Amino acid sequence: MTRIAFIGGGNMARSLIGGLLKTGVAASSITVAEPRAEARQELGRDFAIACYAENRLAAAEADVLVLAVKPQIMPAIHAELRDTLARQRPMLISIAAGVRIDQLERWFGHALAIVRCMPNTPALIGAGATGLFANRRVSPEQRAQAQHIMDAVGLTRWVEDESLIDTVTGISGSGPAYFFAMVEALEDAAFSQGMSREAARALAAQTCLGAGRMLVETGEDPGVLRQRVTSPNGTTQAALESLAADHFHQIIARAVAAATRRGAELAAALDDPS
Ligand SMILES: NC(=O)c1ccc[n+]([C@@H]2O[C@H](COP(=O)([O-])OP(=O)(O)OC[C@H]3O[C@@H](n4cnc5c(N)ncnc54)[C@H](O)[C@@H]3O)[C@@H](O)[C@H]2O)c1
């Protein structure tokens, strides 16, 4: 049984833990370190896992340490974990946006196997999407172990170039928020035309779900699926022409670029906090 310790028990850790437990991973194999007492109580109540206020206690027997704190916290946690890491030599899996492998090696140790990955919150319902990148120390078995953990909560893809993890952040790490924003916008649009918020949200959310499922379950090209909705001179064509006139593709490309760039900036700020 692989023992997994989460350092940080916030939103993303909750999503990953919930997803792992749903796939049958034993609650007794998971520990969490979380400084907020209320969050510890909720994690213990919701998932029946052992929760600790101190990182070193949660990590004491871990084979895998999932670093799930904000990027800015990352440099602060290594001192506390140094002894445990030296003794236990767990594999580190960092989910922190931007934080690079060379920074993690500098803080936690050059001898450690480290996987940098970028999951997303739909991991909570087993529908996550995660990009992964491994350092040279990660053995084939550890690579399989990291993938197994992330496969348990959704789809995984390894990238060959570490900088592409920032691109993963731009597409799928931050991505759920784009679709939630889209549903909010659809709801507002329908409400402004007189529909109830309840009906507007239900129709917009189900459309989001239906389109996503069609895309994944049919394996069809999104352009082909789009064309099937679009009758010549019909309603969809009118909407898509309006989106194109407002530079929809460029708007999305700029948003993804902004998220990707922000990942690199978060990491750079940790090199030079001034
Ligand atoms: N939320 C997402 O959609 C998402 C997706 C992918 C990756 N991430 C990454 O996951 C990481 C966590 O993000 P989140 O959204 O879960 O944030 P969060 O704030 O919800 O969780 C972070 C947790 O770390 C705890 N913490 C603070 N200091 C600590 C310390 N010294 N030791 C241990 N725990 C400490 C906080 O109390 C908090 O509960 C970030 O690095 C983020 O970039 C988040």
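Residues numbered from 1 in each chain as written. Predicted model: local features only at pLDDT ≥ 70, side-chain atom pairs only at ≥ 80, totals over all residues. Heavy atoms only, no water.

Okay, the overall build of the protein chain next. Scanning the protein chain from N- to C-terminus turns up 12 helices and eight strands. Structurally, the protein chain occupies a C-alpha span of about 70 × 40 × 40 Å along its principal axes. Relative to its 274 residues, the protein chain shows a buried fraction of 39%. Restricting to contacts in the protein chain with at least 6 residues of sequence separation, those with at least 24 account for 64%. About 15000 Å² of surface is accessible on the protein chain, with carbon and sulfur atoms providing 58% of the total. Counting 26 positive and 29 negative side-chain charges, the protein chain places the averaged centre of each group 3 Å from the other. (Helix = DSSP H or I, 4+ residues; strand = E, 2+ residues; numbered from the N terminus. Buried < 20%, exposed > 50% of the residue type's maximum accessible area, 1.4 Å probe, protein only. Contact = heavy atoms within 4.5 Å. Areas by Shrake-Rupley, 256 points an atom, 1.4 Å probe, with all protein chains shown as cover. Lys, Arg positive; Asp, Glu negative; His and termini not counted. Charge placed at Lys NZ, Arg CZ, Asp CG, Glu CD.)

A few words on the site of the ligand. Taken together, 22 residues lie around the ligand, and N11, M12, E34, R36 and V69 are the ones closest in. Side-chain polar atom of R36 to an oxygen atom of the ligand: 2.8 Å apart, as the coordinates give it. Here a nitrogen atom of the ligand sits 3.2 Å away from a polar atom, N or O, in the side chain of N55. Within the complex, 80% of the 810 Å² of free accessible area of the ligand lies under protein. Looking at the shell around the ligand residue by residue, the classes come out as 13 nonpolar, six polar and three charged. (Near = heavy atom within 4 Å. Polar contact = N/O pair within 3.5 Å; in protein donor to acceptor, adjacent residues only side chain to side chain. Nonpolar A, V, L, I, M, F, W, Y, C, P; charged D, E, K, R; others polar.)

Per the counting criterion, the structure on display carries zero aromatic pairs. Over the ring of W158 we find R143; its NZ or CZ atom is 4.0 Å from the centre of that ring. Over the aromatic face of F191 sits the side chain of R197, whose NZ or CZ is 4.1 Å from the ring centroid. (Phe/Tyr/Trp six-rings, centres within 6.5 Å; stacked < 30°, edge-to-face > 60°. Lys NZ or Arg CZ within 6 Å of the ring centre and 35° of its normal.)

Its 12 residues give helix α6 (residues 140–151) an end-to-end C-alpha distance of 16 Å, which sits within 8% of 16 Å, the value for a rise of 1.5 Å per residue. When we look at burial in α6, the residues that qualify are Q142, A146, I149 and M150. For α6, the buried positions fall inside an angular range of 95° around the axis, keeping them on one side. Across from the buried face of α6, at angles greater than 90 degrees, the exposed residues are P140, E141 and H148. (Expected span 1.5 Å × (residues − 1). Arc of directions from axis to C-beta.)

Once that is clear, we can look at the UniProt feature "domain: Pyrroline-5-carboxylate reductase catalytic N-terminal" (unreviewed entry) in the protein chain. Per the UniProt record, "domain: Pyrroline-5-carboxylate reductase catalytic N-terminal" (unreviewed entry) is annotated on residues 3–98. Annotated as residues 3–98, this span is 45% helix and 20% strand, and its ends, taken at the C-alpha atoms, are 26 Å apart. (UniProt positions renumbered as here; feature names shortened; annotations may be inferred.)

What follows covers the packing of helix α8 (residues 175–192) against helix α9 (residues 197–218). The contact between α8 and α9 brings their axes to 9 Å, and the two run at 140°. The angle between α8 and α9 falls in the class oblique. Crossing hand, α8 versus α9: right-handed. Judged by residue contacts, F179, V183, L186, E187, D188, A190 and F191 of α8 engage R197, A200, R201, A204, A205 and C208 from α9. Partitioning the contact of α8 with α9 into residue classes produces nine nonpolar, no polar and four charged. (Axes fitted to C-alpha atoms, helices over the stretch in contact; angles between N-to-C directions. Parallel < 35°, antiparallel > 145°, perpendicular 65-115°, else oblique. Left-handed = near helix turned anticlockwise from the far one by under 90°.)

Think of a sheet as strands paired side by side through backbone hydrogen bonds, with each pair either parallel or antiparallel. The eight strands lie next to each other as β3-β2-β1-β4-β5-β6-β7-β8, forming an open sheet whose pairing is mixed. Each edge of the sheet is formed by a strand with only one pairing partner; in this case those strands are β3 (50–52) and β8 (154–158). Along the sheet, successive strands turn relative to each other by an average axial angle of 25°, direction set aside. When strand β1 (residues 4–7) meets strand β4 (residues 64–67), the two strands line up parallel, connected through four bridges. Pairing of F6 across the sheet is with V66, part of β4. α6 contacts β1, β4, β5 (91–94), β6 (114–118), β7 (128–134) and β8 of the sheet and is inclined by roughly 145° relative to β8. (Pairing = 2+ DSSP bridges.)

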